[in-house]
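As a plain string of letters, each chain reads:
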Amino acid sequence: MLYRTFGKTGKDISLISFGGMRFPNHQDLDGSAELLLHAHSQGINYFDTAPVYCADRSEDIFGHALSQLPRESFYLSSKSGRAKGSDFRKSLERSLERLKTDRIDFFYVWHLMNPADWESRKQEGAIEAALKAKEEGLIGHLCCSSHMEGEGLAKVLKENLFEGVLLGYNALNFPYRRAAVEQAGRQGIGVVTMNPLGGGLIPQNPERFSFLKTDESDSVVSAALRFNLSHPDITTALVGFATLDEVDQAVAALDNFTPENQDYLQLVTPNIEKEFDQLCTGCGYCLPCPVDIPIPKFMDVYNQVILTHGEPDAAMNRFRMHWGLTADQAKACTLCGACEERCTQHLPIIERLKALAS
Ligand code: SF4
Ligand code: SF4
């Protein structure tokens, strides 16, 4: 495993890090812990969780697994939820308890949605509470996570409050996020990328993304990870592992990793299509829907419309069998708009549901 220094913190972090949002059976503490312990044995030393992941079980799993290891052998990362002021403090204390530790090495002010959201988070006292916790040693380094477009997030970083940033970055969306990565690089802020495989879209559509490969024998997963980590300002790529095999494959993909040069970026950039940032990544942040529409499933159907340049009704026919989705489910939308406000990709969900229902 190779390691990069996280911004100015002096901490060396594995190129691949562990995202704790995809445990297949989160009720199984021992089975889930095995995944973390295996990743650690393969050299992964950065473990990222959050209070809400896996029906609120992820932090418990992390605490169960990581308390079995020497504390100095890994770095722990968690997030604030959307708590404010004194609630922020309560949320942090609960995380510490569940993680069975007295400090969280990298603590993220979670999910800044847009510049207005950032302003209100500051006014609500979240940053003040976080800085106080840092002074007390409960937090090692204060960071933020965001799905904002690059320019907006770059402005947040320029305020110099954060030592690290967590953002979605992959071959589908990098033109829209790159400004923030480069700004972080200029300031010496560590960059953790989530969704390096586009929420599974890249491995599920290997033909469409074969342009990432420099060698025919290469796998598209390996090419996508190398694409991500070839950016010199990116510290580590966070992968949400669900099986021991996935850990091994990701670790093997970076065996003897050397970053691609700038010519490679010039080569792949024309293949990044304008619509790629319009794809749903399956993150689930749009839920819950008050009328229980399984929005990520419908948006995944729409991804196929984009990726195949096909017709919505043809895609719906294919997925009707697969997931039992019906046009009537999509028609139940009350147009409340809650999902669009929360969507990390800023997708026109209502319009797409209409297209799929027609
Ligand atoms: S706009 Fe429609 S799909 Fe979105 S949350 Fe409201 S009812 Fe659900
Ligand atoms: S619609 Fe948006 S928020 Fe919902 S799963 Fe897709 S990308 Fe995530």
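Because the structure is a prediction, the values reported are computed rather than measured. (Residues numbered from 1 in each chain as written. Chains lettered and ligands numbered in written order. Predicted model: local features only at pLDDT ≥ 70, side-chain atom pairs only at ≥ 80, totals over all residues. Heavy atoms only, no water.)

Draft legend 1. Molecular detail of the overall build of the chain. Counting secondary structure elements, the chain contains 17 helices and 10 strands. The C-alpha radius of gyration of the chain comes to 20 Å, within 12% of the 21 Å expected for a compact globule of 358 residues. Considered along the principal axes of its C-alpha atoms, the chain spans approximately 55 × 45 × 40 Å. Contacts spanning at least 24 positions in sequence make up 74% of the contacts within the chain whose residues lie at least 6 apart. (Helix = DSSP H or I, 4+ residues; strand = E, 2+ residues; numbered from the N terminus. Rg over C-alpha atoms; globule rule 2.2 N^0.38 Å. Contact = heavy atoms within 4.5 Å.)

Draft legend 2. View of the pattern of salt bridges. All chains considered together, the criterion is met by 18 salt bridges. Here Arg-98 makes a salt bridge to Asp-56, at a shortest N to O gap of 3.1 Å. With Arg-98 in helix α4 (residues 85–99) and Asp-56 in helix α2 (residues 53–56), this residue pair connects regions lying 42 residues apart in the sequence. Judged by relative accessible area, which is 10%, Arg-98 ranks as buried. Beyond isolated ion pairs, a larger network of salt bridges with shared partners links Asp-56, Glu-59, Arg-94 and Arg-98. (Salt bridge = Lys/Arg side-chain N within 4 Å of Asp/Glu carboxyl O. Buried < 20%, exposed > 50% of the residue type's maximum accessible area, 1.4 Å probe, protein only.)

Draft legend 3. Structural view of the site of ligand 1. In the neighbourhood of ligand 1, 13 residues make up the surrounding shell, with Cys-289, Cys-333, Cys-336, Gly-337 and Cys-339 lying closest. When the residues that make up the shell around ligand 1 are grouped by side-chain class, the tally is 11 nonpolar, two polar and no charged. (Near = heavy atom within 4 Å. Nonpolar A, V, L, I, M, F, W, Y, C, P; charged D, E, K, R; others polar.)

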